[in-house]
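# Descriptive analysis of the structure
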Amino acid sequence: MIAIIDYGVGNLKSVYKALLKLGYNSKITDNPNEIDDAKGIILPGVGAFRDAIYSLRNKGLISTIKRNVNNDKPLLGICLGMQLLFEKSFEDGEYEGLGILKGEVVKFKKGMVVPHMGWNTLEINKDSKIINYINDKDYVYFVHSYYVKAQEDDVVCWTQYGNEFPSIVQKDNVIGMQFHPEKSGNTGLALLKAFGEMIQ
Amino acid sequence: MLAKRVIPCLDVREGIVVKGKKFKDIKNVDDPVKLAKYYNEQGADELVFYDITASHEKRKIMLDVVERTAEEVFIPLTVGGGIKSIDDFTQILRAGADKVSINSAAVKNPQLIKDAALKFGSQCVVLSIDAKKVDKKDKWEVFVNGGRINTGLDAIKWAKSGVELGAGEIVINSIDTDGIKNGYDIELVKRLSLEVDVPIIASGGAGKKEDFYQVLSEGKASGALAASVFHFKEIFIDDLKEYLKSKDIPVRR
């Protein structure tokens with residue numbers, strides 16, 4: 001079972017439905033025991049960084065997430081859920097993130113249309129099991145106004161929008177996707193399939 | 001590179017897709033879930049469901065359509081038509097939509113844009129504007145209630161204030177070109193694309209492939225929306241994208 005963490009934001013159902021389509025059993029939950037019992041974790045997210053991190057803290061889920069990551073459980077952060085994994089965000093202020101990955105969240109440079117909304121290409125930087133079923137230059141669906149400055153070693157794919165930014169990151173069992181795989185057609189399903197296989 | 005979007009729009013009345021000209025002469029076409037799946041396979045980048053159901057009691061049918069679509073189609077889904085409150089937003093997003101499009105209600109109550117953006121994020125608040133040229137100069141005014149009432153609002157100014165309030169995307173529908181199939185209102189779309197810094201989706205007037213090319217290049221739109229040319233199989237999305245690619249427009253294929 002994959003635990004989809006429910007912390008009061010985002011359209012969690014579409015992640016659930018995409019996993020169901022692939023034959024993966026998942027559960028939308030905010031219960032630490034259920035998250036501990038799951039074989040993998042998805043941290044989704046739509047909305048503001050500050051609200052999301054407050055909500056995770058209020059629900060007491062920060063230590064649950066860190067404990068599971070330290071126990072080598074695969075975790076996938078999607079969109080804001082990826083940004084939360086980093087040390088710090090400058091979205092409307094300065095806020096501390098989970099600090100699981102090294103780097104910070106910054107705004108797109110001036111003059112760019114934000115949100116960066118629509119289909120853009122993945123440019124493969126390094127090999128990883130998560131990209132087993134996709135090809136270089138495949139399109140995925142983005143909706144975001146901030147991006148992550150990550151360690152280059154952790155970048156699996158880059159995407160170009162004004163500048164290049166990391167669209168898939170990975171460090172051991174922790175993966176982040178800046179786009180929405182659950183809304184990225186067959187390419188998105190192929191990425192979720194690969195995540196599911198990391199759990200088996 | 002960010003792709004330009006091709007977006008079929010499905011006008012849904014009591015659970016059936018319909019299509020008329022200039023907001024009139026409505027006739028039935030197809031089952032929305034079936035069409036959604038078909039367009040997804042053809043390479044549609046997004047889908048828009050526009051609810052034209054008149055009676056409030058029958059609006060629940062739309063939620064069922066959205067829910068069934070979201071089970072099978074994994075691309076972004078926008079729902080519009082008759083949305084008046086935060087509660088309407090909540091229901092539609094819960095059913096599985098990614099964005100909600102508001103039109104007349106936003107004109108009557110601009111605070112709705114702000115409240116929705118704060119609660120759900122700008123990315124899911126789409127401001128849809130029906131505009132009509134009012135004199136020979138470059139001036140377009142905003143019409144509401146299905147194009148029947150002129151509000152006197154300047155369309156460009158209204159788009160800008162909508163974005164300031166929190167709208168994350170603008171759909172601009174030209175009443176002058178809608179249903180005529182003689183091309184989008186390029187001047188209007190271009191003005192908005194240059195003056196408003198969120199994605200602009202052009203709507204109204206697609207008749208041939210060249211119209212899409214023109215609005216995505218000259219008109220600078222982020223996406224082009226169309227209904228009847230797709231429903232009546234006058235243009236196939238995969239052919240259209242092949243054509244756009246040959247003209248150096250970045251498209252997802």
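Criteria and thresholds
Residues numbered from 1 in each chain as written. Chains lettered and ligands numbered in written order. Predicted model: local features only at pLDDT ≥ 70, side-chain atom pairs only at ≥ 80, totals over all residues. Heavy atoms only, no water. Contact = heavy atoms within 4.5 Å. Buried area = accessible area lost by both parts, 1.4 Å probe. Salt bridge = Lys/Arg side-chain N within 4 Å of Asp/Glu carboxyl O. Polar contact = N/O pair within 3.5 Å; in protein donor to acceptor, adjacent residues only side chain to side chain. Helix = DSSP H or I, 4+ residues; strand = E, 2+ residues; numbered from the N terminus. Nonpolar A, V, L, I, M, F, W, Y, C, P; charged D, E, K, R; others polar. Phe/Tyr/Trp six-rings, centres within 6.5 Å; stacked < 30°, edge-to-face > 60°. Buried < 20%, exposed > 50% of the residue type's maximum accessible area, 1.4 Å probe, protein only. Lys NZ or Arg CZ within 6 Å of the ring centre and 35° of its normal.

Before going further, it helps to examine the interface of chain B and chain A. Listed as interface residues are 29 residues of chain B and, on the opposing side, 25 residues of chain A. In this assembly, chain B packs against chain A so that about 2300 Å² is buried in total across both faces, 58% of it on carbon and sulfur atoms. Ranking the residues of chain B by area buried against chain A places L2, F74 and Q123 of chain B at the top, with a combined share of 32%. Our count for the chain B to chain A interface comes out at two salt bridges. Taken together, chain B and chain A are joined by 13 residue pairs in polar contact (both at pLDDT 80 or more). Put simply, the parts of the chain that give the side of chain B that touches chain A at least two residues each are α2 (60-72) and α3 (86-95) of chain B. Its residues placed into classes, the side of chain B that touches chain A shows 14 nonpolar, three polar and 12 charged.

For the structure shown, the criterion picks out 12 aromatic pairs over all chains. When the centroid spacing of 6.0 Å and the interplanar angle of 45° are considered together, the rings of Y147 of chain A and F165 of chain A count as tilted. A residue pair is termed long-range when its members are at least 10 positions apart, and Y147 of chain A in strand β11 (residues 146-150) and F165 of chain A in strand β13 (residues 163-171) qualify at 18 residues. Pair check on accessibility: Y147 of chain A and F165 of chain A agree, each one buried. Where Y39 of chain B meets F230 of chain B, the ring centres are 6.2 Å apart and the plane angle is 65°; that geometry is what we call edge-to-face. Linking Y39 of chain B in helix α1 (residues 32-42) with F230 of chain B in helix α9 (residues 228-231), this pair joins segments that are 191 residues apart in sequence. There is no split in this pair, since Y39 of chain B and F230 of chain B are both buried. One aromatic cluster is present, formed by F108, F142, Y147, Y161, F165 and F179 of chain A through successive ring pairs. The ring of Y133 of chain A carries the charged tip of K193 of chain A above its face, separated from the ring centre by 4.3 Å. Here the guanidinium or amino end of K233 of chain B rests over the ring plane of Y38 of chain B, the centre of that ring lying 4.9 Å away.

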